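# Descriptive structure summary
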Amino acid sequence: LQGILNYLKLLKQIILSPEQFEITEDIYRKRHIAADIPSMYGTYNERKFDALVFSFRLENLANVLFEELIGSINLNFLTRTTIIQIVDCMHLLFQAMELDGIVVKPLKHCLNLLTHAIDVRRFSFTQYLDIFGEFSRAEQHILNAHYTSIHEKNLALIIRMTGTERLLPKFSIGKDEKVSQEVVSKVSEAFFRDVVATTFGFQYLDNFVSKVIHTLWRQSEELSGPNLDLLLSYDPGKVLSSVRTPQNATTDPISLGTKGYNLVRLSALKIPAPDGFIITTEVFRCLRAISAFGKADEDLREKILFHIHQLEKQTARKFGHTNNPLLLSVRSGAAISLPGMMTTFLNVGLNEKITEGLVKRTGKPWFAWDNYRRFLQSWGMSYNMERDVFDAVMNAYKRKYGIDHKRAFSPEQMREVALSYRETLIDEGVRLKDDPYEQLFQAIRQVFYSWDSDKAKTYRDIMGISDDWGTAVIVQNMVFGNLYERAGSGVVFTHNPHAPLDKVSLWGDYTAGNQGEDVVSGLVRTHAISREQKAVEGRDQDEAMEDVFPEIFEALRDIAKALV
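The structure displayed is predicted, hence computed values, not measured ones. All residue numbers here refer to positions counted from 1 along the written sequence of the relevant chain. Confidence filtering applies because this is a predicted model: local features only for residues at pLDDT of at least 70, side-chain atom pairs given and counted only at 80 or more, and all residues used for totals across whole chains, interfaces and linings. As a convention, hydrogens and water are excluded, and side-chain values are obtained from all of the structure's heavy atoms.

### Overview of the overall build of the protein
- We count a stretch as a helix when DSSP gives it H or I for four or more residues in a row; a strand needs E for two or more, and each element gets its number in order from the N terminus. Within the protein one finds 24 helices and 10 strands.
- The globule rule is 2.2 Å times the number of residues to the power 0.38, and the radius of gyration it is compared with is taken over C-alpha atoms. In terms of C-alpha radius of gyration, the protein reaches 34 Å, well past the compact-globule figure of 24 Å for 564 residues.
- Overall size of the protein, expressed as C-alpha extent along the three principal axes, is 110 × 55 × 50 Å.
- Only protein chains enter the accessibility calculation, which uses a 1.4 Å probe. A residue is then buried if its area is under 20% of the maximum for its type, exposed if over 50%, and partly exposed in between. By residue count, 46% of the 564 residues in the protein fall in the buried class.
- Residue contacts follow a heavy-atom distance rule, with two residues in contact if any of their heavy atoms lie within 4.5 Å. Contacts in the protein between residues at least 24 apart in sequence constitute 68% of all its contacts with a sequence separation of at least 6.
- Exposure was quantified through the Shrake-Rupley algorithm and a 1.4 Å probe, taking into account, for residues, occlusion by the shown protein chains and nothing else. Put simply, the protein shows about 29,600 Å² of open surface, and 53% of that area lies on carbon and sulfur atoms.
- The protein carries 66 positive and 72 negative side-chain charges, and their two centres are separated by 2 Å. Lys and Arg are tallied as positive, Asp and Glu as negative. Neither His nor the chain termini are counted. Just so you know, the charge point we use is NZ for Lys, CZ for Arg, CG for Asp and CD for Glu.

Dropping the structure here:
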């Protein structure tokens, strides 16, 4: 658009230049003959006429582009990002109007205010409303100066002289009507509307400003004062980032959280990590306003669904599908870690029907029902149910079937345990959502809300951490340490945490046949990672990963060396 406007400016200079071209009788004759027989005589060319024709064609193209540009701006709700887009668009519209001879000085004053308002982070709703009100008044001034004051008196005279019987059908005036003041006003209004519609850029500006003011008023009706201002500071362009292909606006650890930031770095280094995406701290910062305003909440949901569809393509699975389900983890990720203080969800996307489908797909019923059990537990704990409640259910079934470890449950027994967990949730008054998408959206909100849970607040108070950091939310494709007995999960350090950092030495804990939550929660007996760790810590009974899974150990050590 900017290129077209620059070109149009040059064409206008040619059209309005003082050079005179004498059209002789011979040229005139040839011009008209050429119109009938172009192949014999060629075509007539004159610089000003060519420039004029080309300018009309370019204006038509620019109008199409203006329509696309304005249509690309989401005016369902207004944020700081939207205001930036509006400013850019208005600069172009003003240039177009100036090319048509419209004096836009009053509009430029408003645009100058709006441009500087963007840099004021706490610029209020009422201030924005004042500026757009000034835009509307400036438009009326232009309408009066360039159209109404010029044509109004003459129009009334012409309409009366013409008579209703000779008015064009488009004015919708009956032929038998008398020329009253009402008829004059109706025809004049239609005439001015047509003239304005042919003015380059003006009609688009008028519609544009009207839509903005309408949206501002709608936001004011649905939101309180603080939330109004909060929504206007919101940046929807910074709310989501893919782990695999992060966007430039959100590549910092404050937006992504340390966990999300490091996942992005791992992916950039081509180190294997589950695919996923990060909902940034920008959403946490503005969550009150987003939740309170339907259009903003709907926009965020659409963005999340887009990333879910991308994840489905990457994994060749489908979220919510009965026969080939994509299961997700939903976890917190603050810039400053709060270990164990916030909510985590595993296996989001499961219900009884999908679990049955997972049984058929994998042929591993114990694994499928164990996943459902884990999902139910994470759901209940996000609603302040204690882990002890679920441990009591698990221990009751161990006693019932005379076993010491859950791995010894038969698949049917594990199904019983999982469904008993579900009944426990219902007994505790916790509402479980069976729809996978509602599970996902609620899980995301629960992770955000957990930043302000009592235990998270207490931890920050004890550790002297600011409450203002907030958290990102990381959504990833599940990887299953409980898939079978030689699957596993764990935690690993690149160095011995109790010794000088003189060499790479893998240190940590792993467990076979369990998911990672069991390790970090201390629910299962773990084993050392390396032989060195086993010896130093006196863990003689352990089966070190270096001995039992040497290929995995070597792969981890190679990654550790690359990272260091």
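### Some words on the packing of aromatic side chains
- Any pair of Phe, Tyr and Trp rings, taking the six-membered ring for Trp, is counted once the centres come within 6.5 Å. Such a pair is stacked with planes under 30 degrees apart, edge-to-face with planes over 60 apart, and tilted for the rest. Here the structure, examined in full by the defined rule, presents 18 aromatic pairs.
- With a centroid separation of 6.1 Å and an interplanar angle of 70°, the aromatic rings of tryptophan 369 and tyrosine 372 are classed as edge-to-face. Highlighted residues: tryptophan 369 and tyrosine 372, both in helix α16 (residues 365-382), separated by 3 residues, approximately one helical turn.
- Given the relative accessible area of 0%, tyrosine 372 is considered buried.
- Ring-pair connections join several aromatic residues into one group, and the members of that group are Phe345, Phe375, Trp379 and Tyr383.
- Geometry around tryptophan 366 places arginine 407 over its ring, the cationic atom sitting 3.9 Å from the centre. Charge-over-ring contacts are defined here by two conditions on Lys NZ or Arg CZ: a distance within 6 Å of the ring centre and an angle within 35 degrees of the ring normal.

### Thoughts on the pattern of salt bridges
- Any carboxyl oxygen of Asp or Glu that lies within 4 Å of a side-chain nitrogen of Lys or Arg is treated as forming a salt bridge with it. Within the structure shown, the criterion is met by 31 salt bridges.
- A salt bridge links arginine 445 to aspartate 297; the nearest nitrogen and oxygen atoms lie 2.5 Å apart. One end of the pair, arginine 445, is in helix α19 (residues 436-449); the other, aspartate 297, is in helix α14 (residues 294-315), and 148 residues separate them in sequence.
- Connected through shared salt-bridge partners, Asp370, Arg373, Arg374, Lys406 and Asp518 make up one network.

### Concerning unusual backbone geometry
- Unlike most non-glycine residues, alanine 316 shows phi in positive territory, near 60°.
- By the secondary structure assignment, alanine 316 is in the loop between α14 and β3 (318-319).
- We classify alanine 316 as exposed; its relative accessible area is 59%.
- Even without being glycine, asparagine 347 reaches a positive phi, approximately 60°.
- Summarising the element assignment, asparagine 347 is placed in strand β6 (residues 345-348).

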